[in-house]
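One letter stands for each residue in the lines below.
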Amino acid sequence: MFVPVSRVVAIVMAGVLCFGILVPLSLARHNVGLAVFIAIVFIAYLAANVILWQRMRPRA
């Protein structure tokens, strides 16, 4: 049940990069398509991390 701290930190850092820097910059340039693409890539990254965590955790 315990999620490794390093995995959580990596996801938080990616979220800050995406939604704190890249999405606001793309919206400032009036490029909504790029902002949506960045959000989709982050959601895919988050889903991949959850799937990998589920597969790697020990079975009881």
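Please read these numbers as outputs of a predicted model, since none were measured by experiment.

Definitions and cut-offs
Residues numbered from 1 in each chain as written. Predicted model: local features only at pLDDT ≥ 70, side-chain atom pairs only at ≥ 80, totals over all residues. Heavy atoms only, no water. Helix = DSSP H or I, 4+ residues; strand = E, 2+ residues; numbered from the N terminus. Expected span 1.5 Å × (residues − 1). Buried < 20%, exposed > 50% of the residue type's maximum accessible area, 1.4 Å probe, protein only. Contact = heavy atoms within 4.5 Å. Phe/Tyr/Trp six-rings, centres within 6.5 Å; stacked < 30°, edge-to-face > 60°. Patch = residues over 30% accessible without salt bridge, like charges linked within 9 Å, V, L, I, M, F, W, Y side chains within 5 Å. Areas by Shrake-Rupley, 256 points an atom, 1.4 Å probe, with all protein chains shown as cover. Salt bridge = Lys/Arg side-chain N within 4 Å of Asp/Glu carboxyl O. Bend = angle between axes of the 7 residues up to and from the residue.

Engineer: Could you give me a rundown of helix α2 (residues 32-56), with the residues and numbers involved?
Structural biologist: Given a rise of 1.5 Å per residue, 25 residues ought to cover 36 Å, and the 36 Å separating the end C-alpha atoms of α2 matches this to within 8%. Looking only at α2, the buried set comprises Ala-35, Ile-38, Ala-39, Phe-42, Asn-49 and Trp-53. On the buried face of α2, the contacting elements are α1 (5-28).

Engineer: Give me the packing of aromatic side chains: which residues, what numbers.
Structural biologist: A complete count under the given rule lists 1 aromatic pair for this structure. Residues Phe-19 and Phe-42 carry aromatic rings whose centres are separated by 5.3 Å and whose planes lie at 85° to one another, so their mutual orientation is edge-to-face. A residue pair is termed long-range when its members are at least 10 positions apart, and Phe-19 in helix α1 and Phe-42 in helix α2 qualify at 23 residues. On the accessibility criterion, Phe-42 (11% relative accessible area) is buried.

Engineer: Requested: an account of a nonpolar patch on the surface, with residues and values cited.
Structural biologist: Together, Phe-2, Val-5, Val-9 and Met-13 make up a nonpolar patch on the protein surface, roughly 450 Å² of accessible area in all. Counting through the fold element by element, Val-5 comes out in helix α1.

Engineer: For α1, give the residues involved together with the corresponding values.
Structural biologist: In a regular helix each residue adds 1.5 Å, so 24 residues correspond to 34 Å; α1 covers 33 Å between its end C-alpha atoms and thus fits that length. Approximately 30° is the largest bend angle found in α1, and it occurs at Leu-22, with the proline Pro-24 only one to four residues beyond. What α1 keeps buried is the set Arg-7, Ile-11, Ala-14, Gly-15, Cys-18, Val-23 and Ser-26. Those residues of α1 that are buried lie in contact with α2. His-30, located one to two residues past α1, shows a positive phi value of around 60°.

Engineer: Which residues make up unusual backbone geometry, and what values go with them?
Structural biologist: In this model, His-30 sits at a positive phi of 60°, which is unusual for a non-glycine residue. Locating His-30 in the fold gives a position in the loop between α1 and α2.

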